[in-house]
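Coordinates in review
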Amino acid sequence: MEEVRLRNLFLLWFGAAISIAEIVTGTLMAPLGFGRGILAIIIGHVIGCFGFLLPAGYISAHYQSTAIKVTQLTFGKQGVRLFSLLNVLQLLGWTAVMIVNAQLAMNVLTQSFFHWQSKLLMSGIVAGLIILWLMLRHDWLFKINNWVVLLLTLAMIVFVVSLLQKAPTTHAPQPSALSFNNAVELNVTMALSWLPVIGDYTKQTRHPIQTSWCSVLGYFMGSVAMFVVGLSIARWTGRTDISQALAQSQLGLIALLIVVFSTVTTTFMDAYSAATNLQNLNAKVPVNVAAIGITIVGFFIAIGISLQYYENFLYAIGAAFTPLFAIVFVSVFVIKQRLALVWNFTWWLLGIIAYYGLQQLNLIFGPTFWLLIVESLAVYLTSKVTPRYPLSW
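The following refers to the structure shown. Remember, it's a predicted structure, so these values are computed and weren't measured experimentally.

This part takes up the overall build of the protein. Within the protein, the regular secondary structure consists of 15 helices and 2 strands. Partitioning the intrachain contacts of the protein with sequence separation of at least 6 by distance along the chain shows that 86% fall at a separation of at least 24. For the protein, the exposed area adds up to about 16400 Å²; of that, 68% sits on carbon and sulfur atoms.

This is the structure in structure tokens:
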């Protein structure tokens, strides 16, 4: 049974990475050129996946608790309530963003194929399928999700091959102010968006190390592939509009299904994890009902929001959760104790401020990498001169 579970987790996280959002973010690397763009993708994903997702997944697996609940070790029960609320808000935001991305792409395709489009209907189709995924029994969910992920992977390969068979454009991508280090940071923050989520899926296991590695490798491989797809499309066609690329791929209905199901296999995880965080606020909340509620609210938000501030949304996630988990990591793995709560909250708030300050410096590897080091060092040195307490559970 454990071997099947590991396969399921790998495909679950591989499927989570197959999304329009990942491809769109990959297109932002295009002004760097193909070689430097791929380098930024790999460096950013190594930092985000193995510097953050892996230890976060392991801690949840070791303590058999959700990603946010493990922050109780260092921030107490009130900290869990605060971070649960923040995580619900960011996951609700992701749910809405994913629905928006999907309906925009679907409308471009339906306009191209059928000369007809509807924002409300396309958003409703995506939200309805997410709810269907959430209603599936656990065993059926993995069976169906695994097959869908495998078919999506095949469809993506066909899409890329069909695109690359066409003559390349003579127009280079538009110049961008995005530096190499900022490109690395965008890759890191995309992985960080799953930081408060991964533990929700690694918590029930007898083998924390294998489970954590399997999950992170699934996301790493899928996400790097999607970023490279986005980069390749932008470099080959000179466009960053993935919807237009899909419409011109001559895949017809397959292109539409790629958009729909790549969104579903990613977004149902956001909605479910948001619901588990609501349980931290009120234990009586039924998870499946709450997840459906999150999806419905995300649907209504999606109808009225713009993607204008998409990059800022990613950076805000990094600002809030990078210092939080840096404190958890150094407390669990290095000090093996915690500071007084007032110190942990102080360093968390200072970490948020420091994140935006470091963004202005254009540091090599991006601000998240250095914030992890500086925050960890600050907590470690503080532990040498202030009282320490057992990790409270």
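Turning our eyes to something else, we now look at helix α3 (residues 34-63). For α3, spanning 30 residues, the distance from its first C-alpha to its last is 42 Å, which sits close to the expected 44 Å at 1.5 Å a residue. Largest kink in α3: about 35°, centred on L53, with the proline P55 one to four residues after it. Once α3 ends, the next one or two residues include Q64, with phi positive near 50°.

On to the packing of aromatic side chains. Counted by the stated rule, this structure contains 20 aromatic pairs. A ring pair is formed by W13 and Y201, whose centres lie 6.0 Å apart and whose planes are at 85°; its orientation type is edge-to-face. Of the two residues, W13 sits in helix α1 (residues 2-17) while Y201 sits in helix α8 (residues 199-202), which places them 188 residues apart along the sequence. Overall, W13 belongs to the buried group, its relative accessible area being 0%. The class for Y201 is buried, based on a relative accessible area of 12%. Through a chain of ring-to-ring contacts, the aromatic side chains of W13, W194, Y201, Y219 and Y272 assemble into a single cluster.

Packing of α3 against helix α7 (residues 180-192) brings their axes to within 7 Å, and their N-to-C directions diverge by 40°. Compared by their axis directions, α3 and α7 come out oblique. The chirality of how α3 crosses α7 is right-handed. Every residue of α7 that contacts α3 at R36, L39, A40, I41, I43, G44, H45, I47, G48, C49, F52 and L53 is listed here: F180, A183, V184, N187, V188, A191 and L192. Along the lines of polarity and charge, the residues of the contact of α3 with α7 split into 14 nonpolar, 4 polar and 1 charged.

Next up on the list: the side chain of S223. The residue S223 is located in helix α9 (residues 208-237) in this model. Beyond its immediate chain neighbours, meaning those up to four positions away, S223 contacts A17, E22 and H45.

So, about the environment of R338. As for its placement among the helices and strands, R338 is situated in strand β1 (residues 338-339). By relative accessible area, R338 is classed as buried at 14%. Considering only alpha carbons, one finds R338 and Y380, 42 residues apart in sequence, at a separation of 9.8 Å. For R338, the residues in contact, after removing those within four places along its chain, are L73, T74, N344, P387, R388, Y389, P390, L391 and S392.

Another point: the nonpolar core. In terms of nonpolar packing, the biggest core is built from 118 residues, with W13, L53, L195 and Y219 touching the most fellow members. The leading source of residues in this core is helix α4 (residues 72-114), at 16 residues. With sequence-adjacent residues up to four places away left out, L195 is seen in contact with F52, L53, A56, A67, F321, F325 and F329.

About the cut-offs
- Residues numbered from 1 in each chain as written.
- Predicted model: local features only at pLDDT ≥ 70, side-chain atom pairs only at ≥ 80, totals over all residues.
- Heavy atoms only, no water.
- Helix = DSSP H or I, 4+ residues; strand = E, 2+ residues; numbered from the N terminus.
- Contact = heavy atoms within 4.5 Å.
- Areas by Shrake-Rupley, 256 points an atom, 1.4 Å probe, with all protein chains shown as cover.
- Expected span 1.5 Å × (residues − 1).
- Bend = angle between axes of the 7 residues up to and from the residue.
- Phe/Tyr/Trp six-rings, centres within 6.5 Å; stacked < 30°, edge-to-face > 60°.
- Buried < 20%, exposed > 50% of the residue type's maximum accessible area, 1.4 Å probe, protein only.
- Axes fitted to C-alpha atoms, helices over the stretch in contact; angles between N-to-C directions.
- Parallel < 35°, antiparallel > 145°, perpendicular 65-115°, else oblique.
- Left-handed = near helix turned anticlockwise from the far one by under 90°.
- Nonpolar A, V, L, I, M, F, W, Y, C, P; charged D, E, K, R; others polar.
- Core = buried A, V, L, I, M, F, W, Y, C linked by side-chain atoms within 4.5 Å.

Purely geometric numbers; function is a separate question.
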